[in-house]
Each structure stands twice: as C-alpha cells, then as structure tokens.
Amino acid sequence: MSNHSVVSEPEFEQAVHEIESTLGPLFEQRPELKAAFKILQIPERVIQFRVVWEDDKGVAQVNRGFRVQFNSALGPYKGGLRLHPSVNLSILKFLGFEQIFKNALTSLHMGGGKGGSDFDPKGKSDNEIRKFCYAFMRELSRHIGPDTDVPAGDIGVGGREIGYLFGAYKAYRNEWAGILTGKGYDFGGSKIRPEATGYGLVYYVSHMIKEARGEDWKGKTVAISGSGNVAQYAALKIIELGGIVVSLSDSKGSIIATSDKGISPATIDKIAALKLKFGALADLDSSEFKYLPGTRPWTHFKSLDVALPCATQNEVSGEEATALVAAGVGFVAEGSNMGCTKEAIDIFEAERVKGFVNGKSPIWYGPGKAANCGGVAVSGLEMAQNSARLQWSEEEVDAKLANIMLNCYNTCFETAKKYTKEGEFPSLVQGANIAGFLKVATASHNQGDWW
C-alpha cells in the first residue's frame, strides 16, 4: 500500500507526518506498531453525497456533503460538521485523523470522525440555512446514530444549525435520539458545551504554567487569534483568572489592545453579538484596541507570555513562531486544530530542548489534540447524559471537564517523560501523540483490526 493517496491531500498528509514524526522512539521499542499506524491512516468509511436545496428565489442549489467515519475502536465515530467553502476531503480527513487521538486522550468512549459541506452559511437567510440543513440530513441520517456516529458542530455550525439538523433527523427517522451534540439545553444539550473548548484550553495551559514556573494566570499577557466560541470563552476565562488578553482576530484582520488593561469582557460580549450576525472585527470601534487589517496578531508584540491560536489550521507560520520566540513567549497551545505549521512546531520544540536559560523555563508547546479536547469531552458528557435521560448542573459539568483536562495533561506529561532525554523539558506533542496512538492501536489490535 502506498503511504499517500493518489490524489494530493496536503492537509491530511501534514497531519499524518506530524504524528508520525514523534512516534520514532515508540517504533524503535515496538516495531510491530508501524503496521498499526499504516492501517489507522485509512478511514473505515468515507461517505460523499450531493446536497440539493432551494434558495429564497426558488432556485435549486447544490453542494457537496461529506462524512469521514475514521475509526470506531474506542466508541461511536465522534467529530464535528463544518460548513465552509474551503471544505474538501483532505481537510476532513486531517480533522478526522486528529480527532481519533484527541478523543482517545479524553478517556471517554468515542471514536474519531469528521464531516461537513462546502456550503457557505454567510449571507444566507435563516430559511435558506434551514432548507440546507434538512437537505444535508436527508442523506446523513442514513449513516449516523447514538451508537454509530454522533456528529457535533464546527466552523459554520452553531446552535441554530444543530437545532435544524436535529429536527430534520427526528422528522426523517421518527425518533428522538442523541445523534448530535451541541444541542439546545431544552432538547438534550449539556451545560457549558459552547464554553467547553475555550475553558478546557485554559485549564490545560494552567497545568503547563504551574508545572514549568509554579505560577498561575495572574498578570500574564495572552495573545489569542480567532473570535469565535473558542477564542471568546478562552478570553473570558483567562480574564476571570487574572490574565490580560491583548488580541483577537478574524479572517480579515486583528485587534490589538492599546493599554496594559487588555481587552475587556464587555468588548468580548460585543464581539460575540457581532459574530452571530457574521460581522467583522473591522466593524467595531473602541479606544481599547487598534484594528490591523490583513494580519494575524503574532508579530505585533515586543513582550508576551502566552500565545493561543484559536482560529483555524496553519495559522502560526515559521516566521510568526520566530517572532513569538523573540517576544519571550513561554507557552503556546492550540485552541484550533493543527493551528501551527510543522515549521512553527519545529521552532518551538527546538527552543524546548534548550532547557532552562537564566533560570527561566523554555517555550512549551501544547498540541491541539490535547489542549483543545475539552469541547469533544463535554460532547462525550452530553452523550452520557442523553443515554441516561438526565442532565447535570453547570457546576457538575465544569468539574468533570476540569478533571478530564487534568487527566489529559498528566497523560501527556507522564508519557512524554518516558521519551525525554535527561536535562530536557518533556515534549507534550510527543506525549500526546504516543499516548493517543497507543490507546487506539491497542484497542484495534484486541479487536482484530491488525495483527
């Protein structure tokens, strides 16, 4: 079997290479696992279909629909649905592949998958989005179920879209079932699901900061990219814990704080309302920040403590990573999936192996499959609540999320220590990749998927 697809799939190939590049020490100890990695690269099933829907002018429109059911060794396929013009099979395979190991790190019973469409919800009316969701679910409903595949939201799929998709499934199948997560609370959703990825990211980085420097978030300056749910709730939690948020961004530009007080919760609330209307940060006006069009935030700071990419894949380049090193960043963790390019990761990892310099810990990088697994963790908790036909309080869910992130961090850290040279700081990316891969590979072997 060739190691690559006949058709070029750059995002997927990057994800495979990123994980494979850290598994060398494990393969030296257990060479039989190379066969497992080769097998796990192939999805168990890929579903592709057309979605025909009617716009407000009565004209038939068509989009491509996808669902990549990647691996079910640990549980039902689990991963979001993305609605964006950029969606293609390479991106969904990359996201689904990462999802396998991310879900493994939560220790919940979830496999890995991803899906979506090249439909663009921007500029569409509520009625057009509803019609698209019903058309999309007409085919998807044949392939999902609470014990088979449980999708969730992603870029372009929020509470409104999840509601329409859930209603469509119920209408087509004549059953109320927990076949989606991120639902409204009144029809089976979980408390703090919208906040979960951002909160979980902050909880994970809290352990990094405490481990490396014995400190907390108080007084830390934090650059965040993105302005969706992950960025918003990460920012609010950081402010709550005493940190200072100095940037947010969208696809058109960035806002950079103009005072040492940073961006306020009130401004973040305005951004949340703006994004619900698909507005841009350029539409905001405040003395708290300056708007920089056509740029990401990473190169605009002389001094910075923490960087959290929370927008999309490959949003921190090698050049931007070098700028973050020059700014003295101590911690980089991904709220987005594969937020850093391979070149950027290599730069952060090269700084890590230098160890302590003048009594200061090196840059420490937290990969997305660990740092941002809080979202899918609470999705897993939503699945558990649906199965039991009950709902937990906000405090219960938050406590369970915090405990999952602690266990995830400890798993990554303790695994990394086993493969770290003396005098080096442990590599969390290697720890996450090895721990997640080993769990899936072991389950797959025991189920007869490889031998």
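Rules and cut-offs
- All residue numbers here refer to positions counted from 1 along the written sequence of the relevant chain.
- Selection of residues for local features in this predicted model requires a pLDDT of at least 70, selection of side-chain atom pairs for listing and counting requires 80 or more, and totals for whole chains, interfaces and linings are taken over all residues.
- Only hydrogens and water are set aside when side-chain values are computed; all heavy atoms of the structure are taken into account.
- Strands are runs of DSSP state E lasting at least 2 residues, helices are runs of H or I lasting at least 4, and numbering of each runs from the N terminus.
- Only the C-alpha atoms count toward the radius of gyration. The rule for a globule is 2.2 Å times the residue count to the power 0.38.
- The classification of residues rests on relative accessible area computed with a 1.4 Å probe and restricted to protein chains. Under 20% of the type maximum is buried, over 50% is exposed, and intermediate values are partly exposed.
- Two residues form a contact once any of their heavy atoms are found within 4.5 Å.
- In short, Shrake-Rupley with a 1.4 Å probe defines the accessible areas, and a residue's cover is counted only from the protein chains shown.
- Charged-residue counts in this description rest on Lys and Arg as positive and Asp and Glu as negative, His and the chain ends being excluded.
- All charge positions are set by atom: Lys at NZ, Arg at CZ, Asp at CG, Glu at CD.
- What we call a nonpolar core is a set of buried Ala, Val, Leu, Ile, Met, Phe, Trp, Tyr and Cys residues that are connected through their side-chain atoms within 4.5 Å.
- Pairing between two strands is assigned when DSSP locates at least 2 bridges connecting them.
- By definition, the crossover connecting two strands over a helix is right-handed if that path, from the first strand to the second, turns clockwise as seen with the strands pointing away from the viewer.
- Salt bridge criterion: a side-chain nitrogen from Lys or Arg within 4 Å of a carboxyl oxygen from Asp or Glu.
- Identification of polar contacts relies on pairs of N or O atoms within 3.5 Å, with a donor-acceptor requirement for protein atoms, meaning one able to donate a hydrogen and the other able to accept it, and with residues adjacent in sequence counted only if both atoms are side-chain atoms.
- The convention used is that axes are lines fitted to C-alpha atoms, helices contributing only their stretch in contact, and that angles between N-to-C directions extend from 0 to 180 degrees.
- One less than the residue count of a helix, multiplied by 1.5 Å, gives the span that helix is expected to have.
- Summarising the geometry, the arc corresponds to the directions from the helix axis toward the C-beta atoms.
- Two aromatic rings, drawn from Phe, Tyr or Trp (for Trp, its six-membered ring), form a pair once their centres lie within 6.5 Å of each other, and the interplanar angle then sorts them: stacked below 30 degrees, edge-to-face above 60, tilted otherwise.
- The criterion is that NZ of a Lys, or CZ of an Arg, lies within 6 Å of the ring centre and within 35 degrees of the ring normal, and then a charge sits over that ring.

Trainee: I'd like a rundown of the overall build of the protein, residues and numbers included.
Mentor: In terms of regular secondary structure, the protein is built from 15 helices and twelve strands. The C-alpha atoms of the protein give 21 Å as radius of gyration, which agrees with the globular expectation for 451 residues (22 Å, within 12%). When the 451 residues of the protein are sorted by exposure, 56% land in the buried category. Partitioning the contacts of the protein with sequence separation of at least 6, the portion at a separation of at least 24 is 74%. Here the protein has roughly 18600 Å² of accessible surface; of this, 50% comes from carbon and sulfur atoms. With 49 positive and 52 negative side-chain charges, the protein shows a spacing of 2 Å between the two charge centroids.

Trainee: Please set out the nonpolar core residue by residue, giving values where relevant.
Mentor: What tends to happen in soluble globular proteins is that the nonpolar side chains get buried as a cluster. Counting residues in hydrophobic clusters, the biggest one holds 82 residues, and the most contacted among them are Tyr-204, Val-205, Ile-224, Leu-308, Phe-348 and Trp-364. Residue contributions to this core peak at ten residues, all from helix 7 (residues 196-213). Residues in contact with Tyr-204, not counting those within four places in the same chain, are Ala-370, Ala-371, Met-405, Cys-408, Tyr-409, Cys-412 and Leu-428. Listed in part, the 33 residues of the second largest apolar core include Ala-15, Leu-33, Tyr-419 and Ala-441.

Trainee: Before we move on, could you go through the pairing of strand 6 (residues 221-224) and cite the residues and values that matter?
Mentor: Bridge count between strand 6 and strand 7 (residues 244-250): three bridges; the pairing is parallel. Each residue of the ladder has a partner; that of Ala-223, found in strand 7, is Ser-247. After leaving strand 6, the chain enters helix 8 (residues 229-240) and then returns to the sheet as strand 7, a path that is right-handed.

Trainee: Report on the side chain of Glu-11, specifying residues and quantitative values.
Mentor: Residue placement: Glu-11 occurs in helix 1 (residues 10-20). Buried charged residue Glu-11 carries no salt bridge. Nearest counter-charge: Arg-82, at 8.9 Å. At a separation of 2.6 Å, a polar atom in the side chain of Glu-11 contacts the side chain of Ser-90. Excluding residues that lie within four positions of it along the chain, Glu-11 makes contacts with Asn-88, Ser-90, Ile-91, Phe-94 and Met-338.

Trainee: Now, about unusual backbone geometry: what can you tell me, with residues and values included?
Mentor: Of note, Ile-192 is a non-glycine position whose phi angle comes to about 50°, a positive value. With respect to the secondary-structure elements, Ile-192 resides in the loop between helix 6 (159-173) and helix 7.

Trainee: Please provide a residue-by-residue account of the sheet that holds strand 12 (residues 364-366), values included.
Mentor: Working definition: the strands of a sheet are paired by backbone hydrogen bonds and lie parallel or antiparallel to each other. The mixed open sheet is built from seven strands, whose spatial order is 9-8-7-6-10-11-12. Sheet topology places strand 9 (289-293) and strand 12 at the edges, where each strand pairs with a single neighbour. The mean angle between the axes of side-by-side strands here comes to 15°, regardless of whether they run parallel or antiparallel. As judged from the three bridges shared by strand 11 (residues 331-333) and strand 12, these two strands associate in the parallel manner. Each residue of the ladder has a partner; that of Ala-333, found in strand 12, is Gly-366.

Trainee: With reference to specific residues and values, describe helix 5 (residues 126-140).
Mentor: With 15 residues, helix 5 should reach 21 Å at 1.5 Å per residue; the first-to-last C-alpha distance of 21 Å fits that figure. Taken as a whole, helix 5 has its buried residues at Glu-128, Ile-129, Phe-132, Cys-133, Ala-135, Phe-136, Met-137 and Leu-140.

Trainee: Describe helix 10 (residues 318-326), and please don't skip the residues or the numbers.
Mentor: Here helix 10 has its buried residues at Gly-318, Glu-320, Ala-321 and Leu-324. Buried positions in helix 10, seen along its axis, are confined to an arc of 160° and lie on one side of it. Among the exposed residues of helix 10, those oriented more than 90 degrees off its buried face are Glu-319 and Ala-326. The elements touched by buried residues of helix 10 are strand 10 (306-308) and helix 11 (342-352). Of the residues one or two after helix 10, Gly-328 is the one with positive phi, at around 80°.

Trainee: Quick rundown of the packing of aromatic side chains? Include the residues and the values.
Mentor: According to the stated counting rule, one finds 25 aromatic pairs in the structure shown. Arranged with centres 4.0 Å apart and planes meeting at 10°, the rings of Phe-119 and Phe-132 form a pair that is stacked. Residue Phe-119 is located in the loop between strand 4 (112-117) and helix 5, and its partner Phe-132 is located in helix 5; the two are separated by 13 residues in the primary sequence. For Phe-132, a relative accessible area of 1% gives the class buried. Ring geometry for Trp-364 versus Phe-425: centroids 4.7 Å apart, planes at 75°, classification edge-to-face. Highlighted residues: Trp-364 in strand 12 and Phe-425 in the loop between helix 14 (394-418) and helix 15 (428-446), separated in sequence by 61 residues. Overall, Trp-364 belongs to the buried group, its relative accessible area being 0%. Three or more aromatic residues joined by ring pairs make a cluster, and in this case those are Phe-12, Phe-27, Phe-37, Phe-70, Phe-97, Phe-101 and Phe-437. Of note, Lys-400 hangs over the ring of Trp-392, and the distance from its end group to the ring centre comes to 4.6 Å.

Trainee: I'd like to hear about the pattern of salt bridges, residue by residue, with values.
Mentor: Summed over all chains, the structure comprises 22 salt bridges. Put simply, Arg-352 and Glu-349 hold a salt bridge, and the shortest N to O gap is 3.2 Å. You can see Arg-352 and its partner Glu-349 sitting in helix 11, three residues apart, about one turn around the helix. Of the two residues examined, Arg-352 and Glu-349, each falls in the buried class. Through salt bridges with shared partners, one network takes in Glu-18, Glu-98 and Lys-369.

Trainee: For the sheet that holds strand 5 (residues 149-152), give the residues involved together with the corresponding values.
Mentor: A sheet is described by the order of its strands in space; here five strands give the open sequence 1-2-4-3-5, paired in mixed fashion. Looking at strand neighbours, the two that pair on one side only are strand 1 (45-54) and strand 5, the edges of this open sheet. Pairs of neighbouring strands in the sheet enclose a mean axial angle of 20°, with direction left out of account. Here ten bridges tie strand 1 to strand 2 (residues 60-71), and the two strands are oriented antiparallel to one another. Counterpart to Glu-54 in the pairing with strand 2 is Ala-60. Contacts between helix 4 (residues 89-106) and the sheet are confined to strand 1, strand 2, strand 3 (77-83) and strand 4, with strand 4 contributing the most and set at about 150° to the helix.

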